[in-house]
Amino acid sequence: MDYAGRIARVREAMARQGIGLLYVPFSSDAGWLTGLGHETPNPTESNRPGDIVAGLYLGRERGPIAVAPRMGGEGVRAEAAGKGWIEDVIVLPEPGDYAAALRETVGRLGAGGGAVAVADRAWAVTTLALQGALPGVEFVSASTGVIGPLRAIKDADELALMRRAAAITDDIYAAILPQLRPGVTEYEVAREIERQARARGAREMSFHTAVLFLGGNSPRGASEPAYGGPLDLPLERGMGIAFDFGVVYEGYCSDFGRTVFCGEPDAEGRRVYDLVIGSQGAAVAAMADGAISCAGADRTARGRIEEAGYGAGFTHRLGHSIGRDVHEWPSLMAGEETTLRSGMTFTVEPSVLLPGKAFVRIEDVVLVTP
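Counting restarts for each chain: residues are numbered from 1 in the order of the written sequence. In keeping with the predicted nature of the model, local features appear solely for residues at pLDDT of at least 70, side-chain atom pairs appear and are counted solely at 80 or more, and the whole-chain, interface and lining totals rest on all residues. To obtain the side-chain values, all non-hydrogen atoms of the structure were used and water was disregarded.

Asker: Lay out unusual backbone geometry with the relevant residues and their values.
Answerer: Residue Pro64 is bonded to the preceding Gly63 through a cis peptide linkage, with omega at 0°. Numbering of helices and strands runs from the N terminus, with a helix taken as a DSSP run of H or I at least four residues long and a strand as a DSSP run of E at least two residues long. Summarising the element assignment, Pro64 is placed in the loop between strand 2 (55-59) and strand 3 (65-68). Of the consecutive residues Trp329 and Pro330, the connecting peptide bond is found in the cis state with omega at 0°. Assignment of secondary structure puts Pro330 in strand 14 (residues 328-332). For Glu250, which is not a glycine, the phi torsion comes out positive at approximately 50°. Here Glu250 lies in the loop between strand 10 (247-249) and strand 11 (252-253).

Shown next, in the form of C-alpha cells:
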C-alpha cells in the first residue's frame, strides 16, 4: 500500500480547503492513511486514561503523529516501527496531563493556522479538547470533506484484498448450502458461517451474521423482526432462507446476500426472485464511470420493483460503498447525487420482503469501471 502517497493526497486536499490540522481516531481512517491497525470494538465501552486525546494527528507540513494511551500504547509503537511515513508515536503516561499533551502535539504540527478537520466518528470529548487547545478555530468534517472522497476510490492493492475477501465469502456459501436441511437452526447456520470464515483465513466477520428463515412457523415479520440476529429457529420445508454476511481479510471487507428456499418456492416466490435479480442486473449495467449518480443507480433498480407492484417491500437503500469499513461513503440511495467514478466499490442489494413467506434479497460487491 502506498501510504506515503495517501498522506500526500490528504495534504493536498487540506491545502485546497484551508485545513491546518486533521484528526482521526484509531479506526479504519487511521488504518487507511498509515497502515496502523485498530482494535475491534468491545461489546461494552472502554475509556482508558488518555483515550480522550488518542488518535492520529496530521499537519499540512508535519506528521502524522500517533498519540496512544499507556494501555496498548506500546503495541501502537511496535506497529509503527519501520513505517517511515509516521513521524512519531507518543505513549501517554497514566495518570497524565492529557490536555497539555494535546497542546504540545498540535503545537509541534504548526496547527495554529487554518481549520481543524475532525473525523465524524471522533469522540465528542476529543473534539471539545481540540477546541480548548485551539480556541476560535473553525472545525470541519474530515470524513466528508477530505478522507471519504479519497477512500471511495480504491487502488489496485485494495481491490486485490477485496477480491480475496469476496472469494472467501463465495467459498463459505458453497460449503453452507449442503448443510441446509430441515431441523437446522438459524443460530447453527450462522455459527457455522463464522467457523468457516476463520478456517479460511478471515480475521473476523465484517458485521453481525444474518441468517433469516421466513414462512412456515417462523415468527419473523410477526413477533420477531424480519431482519435480526439469528434465532434458535429450526428450518422447515417451504421456508425462504435469506443470507447477509461478510468477512474481513487483511483489513478489507466483503458483504454478500443470497436467497434460497427449502424445497420449491411457490409461483410468487419464484417471480419475485427473478424480479430482484433483474433489478440488480439493470443497476449494475448502468454503473459506469461518469454515467450515473448514486441516486440514479437506486432509481434504476427500485423502478423495476415498483413497476412490478412490490415497491413497498423494498424498504432500504440499494447499497453502499465498501472497503476497509463495510458501510462507507457514499450510499446508493435517493438524494445522494455523487457521480460514480472508476475505482469505487459498492454493494448492490435489492430486496423484496414477502411477509410470512420470504425475504428475497441478492447482494454482490461491484467495481465501477469505464
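Asker: Any chance you could break down the packing of aromatic side chains for me, citing the residues and the numbers?
Answerer: To pair, rings of Phe, Tyr and Trp, with the six-membered ring standing in for Trp, must have centres within 6.5 Å; the planes then decide the type, stacked if under 30 degrees apart, edge-to-face if over 60, and tilted in the middle. Under the defined criterion, the tally for this structure stands at seven aromatic pairs. Pairing Tyr227 with Phe359 gives two aromatic rings, centres 6.3 Å apart and planes at 85°, and the pair type is edge-to-face. Of this pair, Tyr227 sits in the loop between strand 8 (210-214) and strand 9 (240-245) while Phe359 sits in strand 17 (residues 358-361), placing them 132 residues apart in sequence. With a 1.4 Å probe rolled over the protein chains alone, any residue whose accessible area is under 20% of its type maximum counts as buried; one over 50% counts as exposed, and the rest are partly exposed. Phe359 gets classed as buried once you look at its relative accessible area, which sits at 9%. Taken together, a centroid distance of 6.4 Å and an interplanar angle of 80° make the contact between Phe243 and Phe245 edge-to-face. Judged by relative accessible area, Phe243 falls into the buried class, the value being 1%. By way of ring pairs, the aromatic residues Tyr173, Phe243, Phe245 and Phe256 are connected into one cluster. Across the ring face of Tyr249, the terminal group of Arg164 is positioned such that the distance to the ring centre comes to 6.0 Å. For a ring to carry a charge above it, either NZ of a lysine or CZ of an arginine must fall within 6 Å of the ring centroid while also lying within 35 degrees of the normal to the ring plane. Its guanidinium or amino end placed over the ring of Tyr187, Arg191 lies 4.7 Å from that ring's centre, counting from NZ or CZ.

Asker: Any chance you could break down the pattern of salt bridges for me, citing the residues and the numbers?
Answerer: One side-chain nitrogen of Lys or Arg within 4 Å of one carboxyl oxygen of Asp or Glu is enough to make a salt bridge. Applying the stated rule across the entire model yields 23 salt bridges. The partner of Arg6 in a salt bridge is Asp155, with the nearest N and O atoms 3.2 Å apart. One end of the pair, Arg6, is in helix 1 (residues 3-16); the other, Asp155, is in the loop between helix 6 (142-152) and helix 7 (156-176), with 149 residues separating them in the sequence. Overlapping salt bridges, with partners in common, bring together Asp29, Arg151, Lys154, Asp325 and Glu328 in one network.

Asker: Tell me what's going on with the packing of helix 7 against helix 8 (residues 186-199), and back it up with residues and numbers.
Answerer: Fitted lines through C-alpha atoms give the axes, limited to the stretch in contact for helices. The angle between two N-to-C directions lies from 0 to 180 degrees. Here helix 7 crosses helix 8 at 135°, and the two axes come no closer than 10 Å. With respect to helix 8, the axis of helix 7 lies oblique. Helix 8 is crossed by helix 7, and the crossing has right-handed handedness. Residues Ile172, Ala175 and Ile176 of helix 7 touch helix 8, and the partners they reach there are Val189, Glu192, Ile193, Gln196 and Ala197. Any residue that is not Ala, Val, Leu, Ile, Met, Phe, Trp, Tyr, Cys, Pro, Asp, Glu, Lys or Arg is counted as polar, Gly included; the first ten are nonpolar and the last four charged. Partitioned by chemical class, the residues of the contact of helix 7 with helix 8 number six nonpolar, one polar and one charged. Each angle receives one of four descriptions, namely roughly parallel if under 35 degrees, roughly antiparallel if over 145, roughly perpendicular if within 65 to 115, and oblique otherwise. Throughout, a crossing is termed right-handed when the near helix is turned clockwise from the far one, and left-handed when it is turned anticlockwise from it by less than a right angle. It only takes one pair of heavy atoms within 4.5 Å for two residues to be counted as in contact.

Asker: Just give me the short version of the pairing of strand 4 (residues 88-91), but keep the residues and values in it.
Answerer: In this scheme, strands are said to pair when DSSP sees at least two bridges between them. Bridging between strand 3 and strand 4 involves four bridges; their strand directions are parallel. Opposite Ala68, over in strand 4, you have Val91 as the bridge partner. Handedness of the crossover is the feature at issue here: the chain leaves strand 3, passes through helix 3 (residues 70-80), returns alongside strand 4, and the resulting connection is right-handed. The handedness of a crossover follows from its direction of travel: if, with the strands pointing away from the viewer, the path from the first strand over the helix to the second runs clockwise, the crossover is right-handed.

Asker: Run through the sheet that holds strand 12 (residues 256-261), naming residues and quoting values.
Answerer: Strand order across the open sheet formed by three strands is 8-9-12, with antiparallel pairing between neighbours. Of all strands in the sheet, those bounded by a partner on one side alone are strand 8 and strand 12. Averaged over all pairs of adjacent strands, the angle between strand axes in this sheet comes to 15°, irrespective of strand direction.

Asker: Tell me what's going on with the side chain of Arg302, and back it up with residues and numbers.
Answerer: Within the secondary structure, Arg302 sits in helix 10 (residues 294-307). Within 3.5 Å is the distance limit for a polar contact, defined as a pair of N or O atoms, with the added protein rule that one can donate a hydrogen and the other accept it, and that residues adjacent in sequence qualify only through two side-chain atoms. Of the polar contacts made by the side chain of Arg302, one reaches the backbone oxygen of His316; its length is 2.7 Å. Dropping the residues within four chain positions of it, Arg302 is found in contact with Phe314, His316, Arg317 and Leu318.

Asker: Mind laying out the side chain of Ser143, listing which residues take part and the relevant values?
Answerer: Mapped onto the secondary structure, Ser143 falls in helix 6. Those residues in contact with Ser143 that sit more than four places away from it in its chain are Asp29, Val118, Ala119, Asp120, Gly148 and Pro149.

Asker: Which residues make up the packing of helix 9 (residues 267-286) against helix 10, and what values do they have?
Answerer: Between helix 9 and helix 10, whose axes approach to 8 Å, the crossing angle comes to 155°. When the interaxial angle is binned, helix 9 and helix 10 end up roughly antiparallel. Of the two elements, helix 9 crosses helix 10, and the hand of that crossing is right-handed. For the pair formed by helix 9 and helix 10, the contact residues are Leu275, Gly278, Ser279, Ala282 and Ala283 on the first element and Ala297, Thr300, Ala301, Arg304 and Ile305 on the second. Class assignment of the residues belonging to the contact of helix 9 with helix 10 gives a composition of six nonpolar, three polar and one charged.

Asker: Mind laying out the pairing of strand 3, listing which residues take part and the relevant values?
Answerer: Burial along strand 3 is two-sided: the face carrying Ile65 and Val67 and the face carrying Ala66 and Ala68 are both buried. Between strand 2 and strand 3, which pair antiparallel in sequence order, lie five residues; one of them, Gly63, sits at a positive phi of approximately 95°.

All quantities given are derived from atomic positions and should not be read as evidence of function.
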